[in-house]
Amino acid sequence: VDTAAWKCETCPFEAGSSGSIDAGLALQSGKSAKFADYSGYDRSGAHVLLGGTLRHRGADGLFADLAAADLGLDSRSLAAELGREGRYALRFGYSQLPRHLTDSATTPFLGHGGAVLTLPAGFPAPTTAAMPLAATLQPVDIGYDRKILDLGATLPTAGPWSWRADLRHERREGTQRGAGSFFSTTSQLVLPVDQVTDRLELAAAYSGHALQATLGYHASIFRSHTPALTWSNPFSMGTLSAPAGQLALAPDNQLHQLIAAAAWSPGGSLRFSGDLAFGRLTQDEPFVAATLNPALTVPALPAASLHGRVDTLDANLRVSAQPLAALRVHASVTRNQRDNRTPALTMPLVATDLFSGVGTRTTLPHGFTRDRFRLGADHRGPGSLKLAGGLEHERIERTLQAARITREDTLWLRGSVQVRDNVGMTLKLAHAQRKASDYRPVEGIEPPENPLLRKFNQADRRRSSAALRSDLSFGENLALGVAVDVAVDDYTRSAVGLTDARSADVSADLAYAVSEATRLSLFAQADAVQSVQAGSQSAGNPDWTGRVKDRVALIGAGVTYSALKGRLELGANLAVSRARSETIVRTGASAPPFPAATTELDSLKLFAQWRFNDQLSLHGSYRYERTAARDWQLDGVQPATVPNLLAFGEQPPRGTVHLLGLVLRYRF
Amino acid sequence: ADWTRHDTEYSPKGADTCLKCHDADSDTDTFTAAAIFKGKHAQRGNAHAPFGPGGLQCEACHGPGGRHSAGGSKKKLTTNSFKPDSFLPVAERNAACLACHQGEQRSAWHAGAHARSDVACTDCHKLHTGNDAVRTKASQPEVCFTCHKQQRADFHKTSAHPVKAGRMACSDCHDTHNAGSATAMLKRPTVTQTCQSCHADKRGPFLWEHAPAAEDCTQCHNAHGSVRNALLTKSPPLLCQQCHSVAGHPAVARTGAALPAASGGTAAGGSVFLLAGSCTNCHSQVHGSNHPAGTKLLR
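Residues numbered from 1 in each chain as written. Chains lettered and ligands numbered in written order. Predicted model: local features only at pLDDT ≥ 70, side-chain atom pairs only at ≥ 80, totals over all residues. Heavy atoms only, no water.

Trainee: What should I look at first to understand the overall build of chain B in this one?
Mentor: Within chain B, the secondary structure is distributed over 11 helices and zero strands. Along chain B, helices and strands appear, N-terminal first, in the series α-α-α-α-α-α-α-α-α-α-α. The C-alpha radius of gyration computed for chain B amounts to 28 Å, which surpasses the reference 19 Å derived for 299 residues by more than 25%, pointing to a less compact arrangement than a globule. Structurally, chain B occupies a C-alpha span of about 85 × 40 × 30 Å along its principal axes. Taken across its 299 residues, chain B has 55% of its residues classed as buried. Residue pairs at least 24 apart in sequence account for 46% of intrachain contacts in chain B once pairs closer than 6 positions are excluded. When the accessible surface of chain B is totalled, it reaches about 12,100 Å², and 59% of it is carbon and sulfur. Here chain B contributes 31 positive and 23 negative side-chain charges, whose respective centroids are spaced 8 Å apart. (Helix = DSSP H or I, 4+ residues; strand = E, 2+ residues; numbered from the N terminus. Rg over C-alpha atoms; globule rule 2.2 N^0.38 Å. Buried < 20%, exposed > 50% of the residue type's maximum accessible area, 1.4 Å probe, protein only. Contact = heavy atoms within 4.5 Å. Areas by Shrake-Rupley, 256 points an atom, 1.4 Å probe, with all protein chains shown as cover. Lys, Arg positive; Asp, Glu negative; His and termini not counted. Charge placed at Lys NZ, Arg CZ, Asp CG, Glu CD.)

Following this line, the structure appears as structure tokens:
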């Protein structure tokens, strides 16, 4: 094509610098850990709102983009990219992600956040009721911050060859929940979190007309600066004595992976692609002592550290073709292997720092190989009808687990049709059958597992599912979508364990352009999940059942309104969800029922924007969020409620927060 | 698309021809092409971009516009509009994008669930805009939820990854353009590798492993959301009792009788096996333990 005369004289190419600065205040009333989680709005009072963007487009493709958000909050983020289009791009990012796990916990332990938890005077005591909790409990907010630094480069960003490097340095600092026990007594503990994960990705890629290929290296190096937590025992235990216990925290580990990928189009519609990744996962953190109890005699450990090593192989080969204009076929073969080369170690048995010298236990370094074969085809026509179907076979071979091999075959069919111009429907049906080759409890686990139990991931199973989608449009302004999903799992030979699981989800969406200035969207969704499991108190035939029924309903609405030629914009978003979970355990004997666990989550966002001129605008917002949960596992459970459990006294999330924000935006 | 069979030629003046109608003063947002100049496609300095030196400008993607720009022509039947009502099948519409975007990230588009479900690139991406919503972390999920309704409900549950908060995007876990993973188009080859890219503390290998944690995190967690703490699919003890029924306390049915009297139970104070963390009150190292005495995941 001769484009010499294509001057593009009327093309409004972007050039120069532009950007915006946001500055304002938010006033918060009320607080809740749930609202603060991830957002950084963790207290009542004023918060500084600060952010902005910077954008530059120069000659020869020079570009720079900068975006900063929430700089006054613990959820601040900064992202920048600059380079020359088609030649190189450099990336920089910094972000924080605050986690607020709970704000209703209390603990008598001192030193939380550190590697040693001690107790004040008055401990230990035989039961929680006898502990001096009234004088020693302190509130503790449990949570941590992620601070993430990203650096990246790609060059060139277009053309057949390109190189990419991305580095992420992530630090997690704070606390999280934990627990530690001594025989039949236990305490909830505040665990320290001081961890760094460095992630490096390097890739060289070739992209030609018929062949694309990538060679890459991926490394993830995890380090924890606190390898263990020691805590004083708050319980006195008569003749048994253990003054302190120690938990091993997450060990340092490394993952290194070599990755190759290629795609090839030899001609026509035939296309091959494949991925291959060899990985090695290692862990060699020195072991902590088997016990801190000086009164126990413990044989020497067989090794000072694990020398843990897992080799992974992930391979995937795919082919697709279009032998006829209306027919496409595709097939793939996948292998995911976790080859656990960690030596099995026989360790002296020490039980919760109280008992030793009663035998040994040998570790079970699990591994698996998962192979999947898939074959599918889809056909267009006649008319608007589209039919697709496929077969899948999955085989998983596990080591040191109950079922050595499981095989699952799946058949699926999908049909879609456009009934008229304004009605589209799609129905997908699938059925799968899984069989375990043999199932026997794993040797070396003491006491042995009930031989009638079938772990659900290794059990024979029939799975059926159906999904229906329908999209209707009424003119150009009104669209309605309806979706129904149903799935049933039947564990056909599980006398003990999960025996049945089913789920159903129904949703409806409506989008309505009321006028050019007003748009409305509504959605409603109902979700039900139910499962049944059987247990055996006699470690033999099933003698009890447990049924869990979860129901969730969600309603959402959104509206936007624009007036005065865009000077005024108004909007609102509402989301209301209700969840109810019922647990029914039947043993044949009369027992009180469990109360339902419920969650109510309401959120409303109102926003308004007034544009004074092209440079200056005022943005107002109001957020309301209410969380109200009831959970029999936590409701009213105080630190001393259970005699042998020194609990946090954590309560289900509840709280109402109002947040009023006003931001002045200056554009340049 | 193979335009040779559509009997058309390129326009005489390229984009200047197109902008006679599709200019900034066009009567609707969807008719104007002005916003393409805010994106990377319309960069003069990039030799590989449609508007770079020698580039085919609008017609690089929309196909030769000779017939389309001619007076009296059937407008919808003479160009690749990329719209759902296009006369071109999805694969042909997508071919215009894949002609350039077929590198590292999209080489296996042909084998992915999106391609097999006839998803068009423009079902998710908007090119004639200054800000493609699906490429922005905070607005991306709404685009995905257009089809993935179940996930929308999950993210509205009380325990969920921070997608609703705009701090995480679907594409942080899913590679929507590729099929490198055989499961749910994940960015890493397996579910566990994907989860552990952010949760490397759970990676081990541990001295005492918990097999499901090493094999597949979704055996206990729903990655998209749950009404239970920590994205759990079910609360302990029933969660754990699905797979553990050894003689002794793991096999015992925990009924409402084990609740404290204030909650309707009959136990004095309630049972340590049921309340607060339930099984994890003692077996707290559920992802694996590296303690010499961690055989029961107690240390």
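Text resumes after the structure shown.
Trainee: What's the story with the pairing of strand β11 (residues 228-232) of chain A in this structure? I'm lost.
Mentor: Taken residue by residue, a regular strand's side chains alternate between the two faces of the sheet. All names here are of chain A. Most of β11 is tucked away, with four of its five residues classed as buried. Sheet topology places β11 next to strand β12 (residues 244-248); five bridges connect them, and they run antiparallel. Bridge pairing links Trp231 to Gly245 in β12. (Pairing = 2+ DSSP bridges.)

Trainee: Just to check I follow, could you spell out the sheet that holds strand β6 (residues 116-117) of chain A for this structure?
Mentor: Within a sheet, neighbouring strands are paired by backbone hydrogen bonds and run either parallel or antiparallel to one another. Across the sheet, three strands lie side by side as β6-β11-β12 (chain A); this open sheet has mixed pairing. Every other strand in the sheet has two partners, leaving β6 and β12 of chain A as the edge strands with one partner each.

Trainee: Honestly, the environment of Trp6 of chain A in this entry has me stumped. Any pointers?
Mentor: Mapped onto the fold, Trp6 of chain A is located in the segment before β1 (16-29). In sequence terms Trp6 of chain A and Ser305 of chain A are 299 residues apart; their C-alpha atoms lie 70 Å from each other. Those residues in contact with Trp6 of chain A that lie beyond four places of it in its chain are Val1 of chain A together with Tyr10, Ser11, Pro12, Lys13, Gly14, Gly55, Leu56, Gln57 and Glu59 of chain B. A polar side-chain atom of Trp6 of chain A sits 3.4 Å from the main-chain carbonyl oxygen of Ser11 of chain B. (Polar contact = N/O pair within 3.5 Å; in protein donor to acceptor, adjacent residues only side chain to side chain.)

Trainee: What should I look at first to understand the nonpolar core in this one?
Mentor: Phe109, Met131, Leu189, Leu229 and Trp231 of chain A are the most contacted members of the largest nonpolar core, which has 19 residues in total. Listing elements by their share of this core, those giving two or more residues are β9 (185-207) and β11 of chain A. The next biggest cluster of nonpolar side chains, apart from the first, holds 17 residues, and it includes Trp544, Val548 and Val642 of chain A together with Leu275 of chain B. (Core = buried A, V, L, I, M, F, W, Y, C linked by side-chain atoms within 4.5 Å.)

Trainee: Would you mind going over the state of the cysteines with me for this structure?
Mentor: Here, disulfide denotes a covalent bond that connects the sulfur atoms of two cysteines. Going through the model one piece at a time under the given rule, you end up with one disulfide over all chains. For Cys8 of chain A, the disulfide goes to Cys11 of chain A, at an S-S distance of 1.9 Å. Its S-S torsion of approximately -75° makes the covalent link between Cys8 of chain A and Cys11 of chain A left-handed. Like Cys8 of chain A, the residue Cys11 of chain A is buried in the burial classification. Of all cysteine sulfurs, the one in Cys97 of chain B lies closest to Cys61 of chain B, which takes part in no disulfide; the gap is 6.5 Å. Taking the relative accessible area as the measure of exposure, Cys61 of chain B reaches 25% and is therefore partly exposed. Considering cysteine sulfurs only, Cys198 of chain B is the nearest to Cys173 of chain B, which forms no disulfide, with 6.7 Å between them. (Disulfide = S-S within 2.5 Å.)

Trainee: I tried to follow unusual backbone geometry on my own but got confused; where do I start?
Mentor: The general pattern is negative phi for most residues beyond glycine and trans for most peptide bonds. Residues and elements named next belong to chain A. Each neighbour pair has its own omega, and for Gly381 with Pro382 the value is 5°, a cis peptide bond. Take Pro382: it is sitting in the loop between β19 (367-380) and β20 (386-399). Residue Cys8 is not a glycine yet carries a positive backbone phi of 55°. Its location among the elements puts Cys8 in the segment before β1. The phi torsion at Asp353 lies on the positive side, around 60°, for a residue other than glycine. Mapped onto the elements of the fold, Asp353 is located in the loop between β17 (346-351) and β18 (355-362).

Trainee: What is the right way to look at the environment of Ala459 of chain A in this model?
Mentor: Residues and elements named next belong to chain A. Structurally, the position occupied by Ala459 is in the loop between β22 (423-436) and β23 (461-474). Between the C-alpha atoms of Ala459 and Leu498, which are 39 residues apart in sequence, the distance is 9.1 Å. Beyond its immediate stretch of four places on either side in the chain, Ala459 contacts Arg434, Arg454, Tyr491 and Ser494.

Trainee: Whenever I open this one, the interface of chain B and chain A confuses me. Can you help?
Mentor: The accessible area lost on association of the parts is a frequent measure of interface size. Taken together, the contact pairs 129 residues of chain B with 174 residues of chain A. Summing both partners gives a buried area of about 12,000 Å² for chain B against chain A, and 53% of it is carried by carbon and sulfur. Inspection of the region where chain B meets chain A yields 12 salt bridges. Joining chain B to chain A, the criterion identifies 63 residue pairs in polar contact (both at pLDDT 80 or more). For the side of chain B that touches chain A, the secondary structure elements donating two or more residues are α1 (15-18), α5 (113-116), α8 (149-155), α10 (211-215) and α11 (238-241) of chain B. Ranked by residue count, the leading element in the side of chain B that touches chain A is α8 of chain B, at five residues. Split into classes, the residues belonging to the side of chain B that touches chain A amount to 51 nonpolar, 53 polar and 25 charged. (Buried area = accessible area lost by both parts, 1.4 Å probe. Salt bridge = Lys/Arg side-chain N within 4 Å of Asp/Glu carboxyl O. Nonpolar A, V, L, I, M, F, W, Y, C, P; charged D, E, K, R; others polar.)

Trainee: Please clarify how the pattern of salt bridges should be interpreted in this entry.
Mentor: Two side chains with opposite charge may pair up if their charged atoms get near one another. Considering all chains together, one arrives at 56 salt bridges over all chains under this definition. Its salt-bridge partner being Asp490 of chain A, residue Arg462 of chain A comes within 3.4 Å of it at the nearest N-O pair. You can see Arg462 of chain A sitting in strand β23 and its partner Asp490 of chain A sitting in strand β24 (residues 478-490), a full 28 residues away along the chain. Residue class for Asp490 of chain A comes out partly exposed when judged on its relative accessible area of 26%. Here the residues in one salt-bridge network are Arg91, Arg164, Asp166 and Glu201 of chain A together with Arg188 of chain B, joined through shared partners.

Trainee: Can you walk me through the pairing of strand β3 (residues 62-69) of chain A in this structure?
Mentor: All names here are of chain A. Pairing geometry for strand β2 (residues 45-57) and β3, over six bridges, is antiparallel. Residue Leu54 lies in a different strand from β3, and its bridge partner there is Leu66. Two successive antiparallel strands, β2 and β3, enclose a turn made up of four residues, where Asp60 displays a positive phi of approximately 55°. Direction of pairing for β3 relative to strand β4 (residues 77-84): antiparallel, over a ladder of eight bridges. The partner of Leu62 across the bridge, within β4, is Arg84.

Trainee: Sorry if this is basic, but what is going on with the packing of aromatic side chains here?
Mentor: Centre distance and the angle of the planes are the two values used to describe a pair of aromatic rings. Under the defined criterion, the tally for this structure stands at 13 aromatic pairs over all chains. Between the aromatic rings of Phe37 of chain B and Phe51 of chain B, the centroid separation amounts to 5.2 Å while the plane-to-plane angle is 70°, which identifies the pairing as edge-to-face. Taken together, the residues span a long stretch of sequence, with Phe37 of chain B in the loop between α1 and α2 (58-62) and Phe51 of chain B in the loop between α1 and α2 at a distance of 14 residues. As far as the burial class goes, Phe37 of chain B and Phe51 of chain B line up, both buried. Among the aromatic side chains, those forming a connected cluster through ring pairs are Phe13 of chain A together with Phe37 and Phe51 of chain B. Residue placement shows Lys40 of chain B over the ring face of Phe63 of chain A; its charged tip is 4.2 Å from the ring centre. Note that Arg299 of chain B overlies the ring of Phe182 of chain A, its terminal NZ or CZ placed 5.1 Å from the centroid. (Phe/Tyr/Trp six-rings, centres within 6.5 Å; stacked < 30°, edge-to-face > 60°. Lys NZ or Arg CZ within 6 Å of the ring centre and 35° of its normal.)

Trainee: Any chance you could explain a nonpolar patch on the surface here in plain terms?
Mentor: All names here are of chain A. On the surface, a cluster of nonpolar side chains totalling about 440 Å² of accessible area is made up of Val417, Val419, Met425, Leu427, Leu429 and Leu468. Where the nonpolar patch is concerned, the elements lending two or more residues are β21 (405-420) and β22. Among the elements that take part in the nonpolar patch, β22 stands out by supplying three residues, more than any other. Summarising the element assignment, Leu427 is placed in strand β22. (Patch = residues over 30% accessible without salt bridge, like charges linked within 9 Å, V, L, I, M, F, W, Y side chains within 5 Å.)

Trainee: What's the story with the side chain of His366 of chain A in this structure? I'm lost.
Mentor: Note on placement: His366 of chain A falls in the loop between β18 and β19. Exposure remark for His366 of chain A: the relative accessible area of 8% places this residue in the buried category. With residues up to four places along the chain from it excluded, the contact list for His366 of chain A reads Arg338, Asn340, Thr399, Leu400 and Gln401 of chain A together with Glu209 and Ala211 of chain B.

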